[in-house]
Amino acid sequence: MASKTVTVGSSVGLHARPAAAIAEAAAAASAPVTLAVPGGEPVDAGSSLLIMTLGAGPGTEIVVESPDEAVVDQIAALVAADLDA
């Protein structure tokens with residue numbers, strides 16, 4: 001399982017808009033992908049509602065995991081980006 005830890009890049013955290021963009025990309029990905037705060041329970045990255053339950057504010061570390069390393073890189077880049085800009 002590929003894994004990468006990234007910092008939330010959105011200036012307001014993973015609220016509705018960034019969560020929806022991440023969920024859309026994860027749902028279209030070729031492999032399942034999960035997000036979690038370190039030490040927390042992973043959630044399905046294909047669900048914006050579940051992403052928002054992480055309570056991830058700006059600067060929060062998020063662990064992205066998937067069997068496909070390319071999917072991890074794609075979703076990690078979205079988590080690290082300021083999707084509100």
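For the structure, check the block above.
Every chain's residues receive numbers from 1 upward, in the order its sequence appears when written. The predicted origin of the model limits local features to residues at a pLDDT of at least 70 and limits the giving and counting of side-chain atom pairs to 80 or more, whereas totals for whole chains, interfaces and linings rest on all residues. As a rule here, side-chain values come from all non-hydrogen atoms in the structure, and water together with hydrogens is ignored.

## Concerning the overall build of the protein chain
- Segments assigned H or I by DSSP are reported as helices when at least four residues long, segments assigned E as strands when at least two residues long, and all are numbered from the N terminus. For the protein chain, the helix and strand inventory stands at 3 helices and 4 strands.
- Scanning the protein chain from its N terminus toward the C terminus, one meets helices and strands in the order β-α-β-β-α-β-α.
- The C-alpha atoms of the protein chain give a radius of gyration of 11 Å, which matches the 12 Å a tight globule of 85 residues would have.
- Principal axes of the C-alpha set define a box for the protein chain whose edges measure 30 × 25 × 20 Å.
- Across the 85 residues of the protein chain, 38% fall into the buried class.
- Throughout, a residue-residue contact means that at least one pair of heavy atoms, one from each residue, lies within 4.5 Å. The contacts in the protein chain between residues at least 6 apart in sequence include a share of 72% that link residues at least 24 apart. C-alpha atoms define the radius of gyration in this analysis, and the globule rule sets the expected value at 2.2 Å times the number of residues to the power 0.38. Think of it in three bands: with a 1.4 Å probe and only protein chains considered, a residue is buried below 20% of the maximum accessible area for its type, exposed above 50%, and partly exposed in between.

## A closer look at the nonpolar core
- Ranked by size, the top nonpolar core spans 25 residues in total, and within it L35, I62, V64, I75 and V79 carry the most contacts.
- Contributions of two or more residues to this core are made by β1 (2-7), α1 (16-28), β4 (61-66) and α3 (69-80).
- Not counting the four nearest positions on each side in its chain, I75 is found in contact with I22, A25, A26, V33, L35 and V64. Only buried residues count toward a nonpolar core, which is a set of Ala, Val, Leu, Ile, Met, Phe, Trp, Tyr and Cys residues joined through side-chain atoms within 4.5 Å.

## Looking at the environment of V79
- Mapped onto the elements of the fold, V79 is located in helix α3.
- Under the relative-accessibility criterion, V79 is labelled buried at 1%.
- With 58 residues separating them along the chain, V79 and A21 place their C-alpha atoms 9.5 Å apart.
- Each residue touching V79, except ones within four places of it in the same chain, is listed here: V6, T7, V8, G9, I22, L35 and I62.

## Some details on the side chain of S10
- Positionally, S10 belongs in the loop between β1 and α1.
- According to the relative accessible area criterion, S10 is buried, its value standing at 1%.
- Under this definition, polar contacts are N or O atom pairs within 3.5 Å; protein pairs additionally need one hydrogen-donor-capable and one acceptor-capable atom, and for neighbouring residues in sequence, both atoms have to be side-chain atoms. A polar contact of 3.1 Å, which involves the side chain of S10, links it to the backbone oxygen of G13.
- S10 has contacts with H15, P18, P58, A81, D82 and D84, leaving out every residue within four places of it along the chain.

## Concerning the pattern of salt bridges
- Any carboxyl oxygen of Asp or Glu within 4 Å of a side-chain nitrogen of Lys or Arg constitutes a salt bridge here. Scanning all chains against the criterion turns up 2 salt bridges.
- Across the pair D73 and K4 runs a salt bridge, and its minimum N-O distance is 2.8 Å. Residue D73 is found in helix α3, and its partner K4 is found in strand β1; the two are separated by 69 residues along the sequence.
- For D73, a relative accessible area of 34% translates into the label partly exposed.
- Between R17 and D84 there is a salt bridge, and its shortest N-O distance comes to 3.2 Å. Of this pair, R17 sits in helix α1 while D84 is found in the segment after α3, placing the two residues 67 residues apart along the sequence.

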